[in-house]
Amino acid sequence: MRIIPGLFFLFVLAPSVARAESEFAEPPTRGNYEPAASIVRASIGPALRVSQQAADGGLALAIDIGSRATGGRLFGSWVRVGSDRGLSEYTAELWIDFGLERRLHPIIAAGAGIARLEGSAGRPASTLGIGVLRLTLEYALPIEEADARVGIDALGNLPAIRSRSAENAPPWVLLMARVGAGF
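Quick caveat: nothing in here was measured; it's all calculated off a predicted structure.

### Brief notes about the confidence of the model for the protein chain
So, point 1. Scored by pLDDT, the protein chain has a mean of 85; 79% of the residues are at 70 or more.
So, point 2. Helix α1 (residues 3–24) is the least confidently modelled element of the protein chain, averaging 55 in pLDDT, while strand β3 (residues 70–79) averages 97, the highest of any element.

In structure tokens form, the structure reads like this:
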């Protein structure tokens, strides 16, 4: 007969105690994506300049300002600096993010900047005013409470202003793969 009260407790009271605890338990947040919104993000990565002459590699750095669907970017790239066909490029852009609050962020941007092209075959370096159009695809990494992203950029660069003594520079494309974080 002592078994019956034990079974009674096991089958009647134990489920209600377990049910009471589960009613007040917090649901787990793993698996849910809640993107962190940073006002400023910095990213860095390799760059590849593709032009009529050749494809040359270098380094690029970007600082994005804006936490919602629009913002601005300050960008710099250095490709073969100090050698023939070297390029230093500095731009400011305005962007629109079409992937707000999603993991995948397609972004389009336009802006202007300055490019310094090293001279080739004994010619002096030239400084150009350029127009820039950028297409970007970013992926927000699933790191809790962090705005960490990886991305690829394709920047079309069109020389728009040059001095009379500067070389006639054809347009070029700058491709970049990068990783960055917000703060």
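### Let's talk about a nonpolar patch on the surface
So, point 1. Residues Ile44, Leu59, Leu61, Leu104, Leu137, Tyr139, Val150, Ile152 and Val179 make up a contiguous nonpolar surface patch of roughly 720 Å² in combined accessible area.
So, point 2. Mapped by element, the contributors of at least two residues to the nonpolar patch are β2 (55–65), β6 (126–140) and β7 (148–162).
So, point 3. With respect to the helices, strands and loops of the structure, Ile44 is situated in strand β1 (residues 40–50).

### Focus: the sheet that holds strand β8 (residues 172–182)
So, point 1. Spatially, eight strands are ordered β1-β2-β3-β4-β5-β6-β7-β8 in a closed barrel, and the strand pairing comes out antiparallel. Pairwise comparison of adjacent strand axes, ignoring direction, gives a mean angle of 25° for this sheet.
So, point 2. Two strands pair when backbone bridges link them, and β1 and β8 are joined in this way by eight bridges, in the antiparallel orientation. Note on β8: the bridge partner recorded for Ser43 is Gly180.

Calculation rules
- Residues numbered from 1 in each chain as written.
- Predicted model: local features only at pLDDT ≥ 70, side-chain atom pairs only at ≥ 80, totals over all residues.
- Heavy atoms only, no water.
- pLDDT = per-residue confidence, 0-100.
- Helix = DSSP H or I, 4+ residues; strand = E, 2+ residues; numbered from the N terminus.
- Patch = residues over 30% accessible without salt bridge, like charges linked within 9 Å, V, L, I, M, F, W, Y side chains within 5 Å.
- Areas by Shrake-Rupley, 256 points an atom, 1.4 Å probe, with all protein chains shown as cover.
- Salt bridge = Lys/Arg side-chain N within 4 Å of Asp/Glu carboxyl O.
- Pairing = 2+ DSSP bridges.
- Axes fitted to C-alpha atoms, helices over the stretch in contact; angles between N-to-C directions.

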